[in-house]
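Fold and contact review
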Amino acid sequence: MKRVKFPGVVDTITVDDPGLIRTLSEDSRIDRVFKHAPLWNGSFLKRLIRTLSYRGGRFPHLLPRGYAGRRSRQDELWELFSKRAAWMAGGPEELEDLSRWIKGERPLEEPGILVQQVIGLFWSDQYKATAESWEAAVTLNIAARSRNLLKMIWWKITGKVSRAKRLLGAMAGNDIVFLHGTAIALHNMVASVGKMKQMYADEALRFSIKAERAVELSLSPPPVVFRQAISAGEVSGCPFAKFSMFQFKLSDAYKLTGVKDVIFMSDSWSRCPAERWVPAVLAGIWRRACK
Ligand code: HEM
């Protein structure tokens, strides 16, 4: 755990230990309320929330734990995703393009459109991902994380981010969870599919590992998720103030320790509703490619 603090300007605590991430995420003083303070943290959080809000609502992975309807929507979605998992794990036809991509039979450099299409189809059989919709997802992801203020000001002036959100929002029928899946959550899956392609290219690996192992080796957690203290306190000898910002470095935590529950924050109130569906899709892609 590392804290960077300049009173009134910055107060950020970075954590990459899975045990501590678990403890902090269960602490009721630490949440996703996100007040705009102190100065630097405040401007970062303001931009994050502004970028990842749509029609007045925040994307689901930024909502406070007690936000009305969050929990029931998460449970409902978990059920829906999990019900489809066994089907996806069998490698159905809808994974054909992605399995061809990992075999190198598709010319696309990255599989973004194909992943967006698979997530889009989960909600609507009319969904049609395009180069433009993938580009919009890339724009939103960069805008949410970028520290390049000049570029962000330019994007604001030119309306690039709002246009990206409008396009993806309309394609998602203005459903903010659907929008989150096709704009932000998909990037984790794109990273996983990229790793699968590398594994498939290695003939020794291709013929020796089973789908479950290929999934384990390819899963990628989000690089970082955010929290903020709603009151002062102390955890494991580290004091924090009201509004201290926490960065849980999930990707580093996973790389350093291999502890799997950080991938989807499975033991937490914020667990990913797609925690069974995503591995099933990856297993399906691998099985179909190795047929
Ligand atoms: C490799 C793929 C994915 C990984 C590794 C992943 C991981 C995560 C993690 C770690 C969280 C917790 C965030 C936090 O604690 O603040 C989360 C939340 C969430 N994820 Fe995923 N995710 C993936 C794909 C998806 C997909 C495809 C969807 C939907 C289409 C999705 C929907 C959500 C939602 C709605 C939440 C917010 C849950 C809540 O707190 O209410 N995720 N995801």
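Residues numbered from 1 in each chain as written. Predicted model: local features only at pLDDT ≥ 70, side-chain atom pairs only at ≥ 80, totals over all residues.

1. Describing the pairing of strand β6 (residues 225-229)
What counts is decided by this rule: Exposed residues have 12 or fewer other C-beta atoms within 10 Å of their own C-beta, buried residues have 20 or more, and partly exposed residues fall in between, where C-beta atoms are placed from the backbone. Starting at the N terminus, helices and strands are each numbered in turn, a helix being any DSSP run of H or I of at least four residues and a strand any DSSP run of E of at least two. Being paired, for any two strands, means DSSP has found at least two bridges between them.
Counting buried positions along β6 yields four of five residues, so the element is predominantly enclosed. Pairing of β6 with strand β9 (residues 245-248), which is carried by four bridges, proceeds in the antiparallel orientation. In the sheet register, F226 faces β9, and the bridge partner there is Q247.

2. A closer look at the site of the ligand
Heads up, the rule is: Being near a molecule or strand means, for a residue, that its C-beta atom, positioned from the backbone, comes within 6 Å of it. Each residue is assigned to one of three groups, with Ala, Val, Leu, Ile, Met, Phe, Trp, Tyr, Cys and Pro labelled nonpolar, Asp, Glu, Lys and Arg labelled charged, and all others, Gly among them, labelled polar.
In the neighbourhood of the ligand, 25 residues make up the surrounding shell, with G181, A185, N188, S270 and C272 lying closest. The set of elements that each furnish at least two residues to the shell around the ligand consists of α3 (70-89), α9 (176-201) and α13 (261-264). Here the element with the most residues in the shell around the ligand is α9; it accounts for seven residues. Split into classes, the residues belonging to the shell around the ligand amount to 16 nonpolar, eight polar and one charged.

3. Brief notes about the sheet that holds strand β1 (residues 2-6)
Rules: Throughout, a pair of residues is in contact if the C-beta atoms placed from their backbones lie within 7 Å. Structural elements are reduced to axes, namely lines fitted to C-alpha atoms, with helices fitted over the stretch in contact, and the angle between N-to-C directions of any two is expressed from 0 to 180 degrees.
Sheet architecture is open: five strands sit in the order β1-β2-β9-β6-β3, paired in mixed fashion. Both edges of this open sheet fall to β1 and β3 (30-31), since each of them pairs with a single strand only. Sitting on the sheet, helix α2 (residues 39-51) is in contact with β2 (10-15) and β9, with an inclination near 70° to β2.

4. A closer look at the packing of helix α5 (residues 112-123) against helix α6 (residues 131-145)
Note the following rule: Relative orientations are named as follows: roughly parallel for angles under 35 degrees, roughly antiparallel for angles over 145 degrees, roughly perpendicular for angles from 65 to 115 degrees, and oblique for any other angle.
Viewed as axis vectors pointing N to C, α5 and α6 meet at an angle of 95°, and their least axial separation amounts to 9 Å. Between α5 and α6, the angle falls in the class roughly perpendicular. For the pair α5 and α6, the contacting residues are G112, I113 and Q116 in the first and A131, S133, W134 and A137 in the second. A class-by-class count of the residues in the contact of α5 with α6 yields four nonpolar, three polar and no charged.

5. What about the pairing of β1?
Taken together, the five bridges between β1 and β2 define a ladder with antiparallel strand orientation. Counted as the bridge partner of V4 is T12 from β2. Counted along the chain from β1 to the antiparallel partner β2, the turn is three residues long, and its residue G8 has a positive phi close to 80°.

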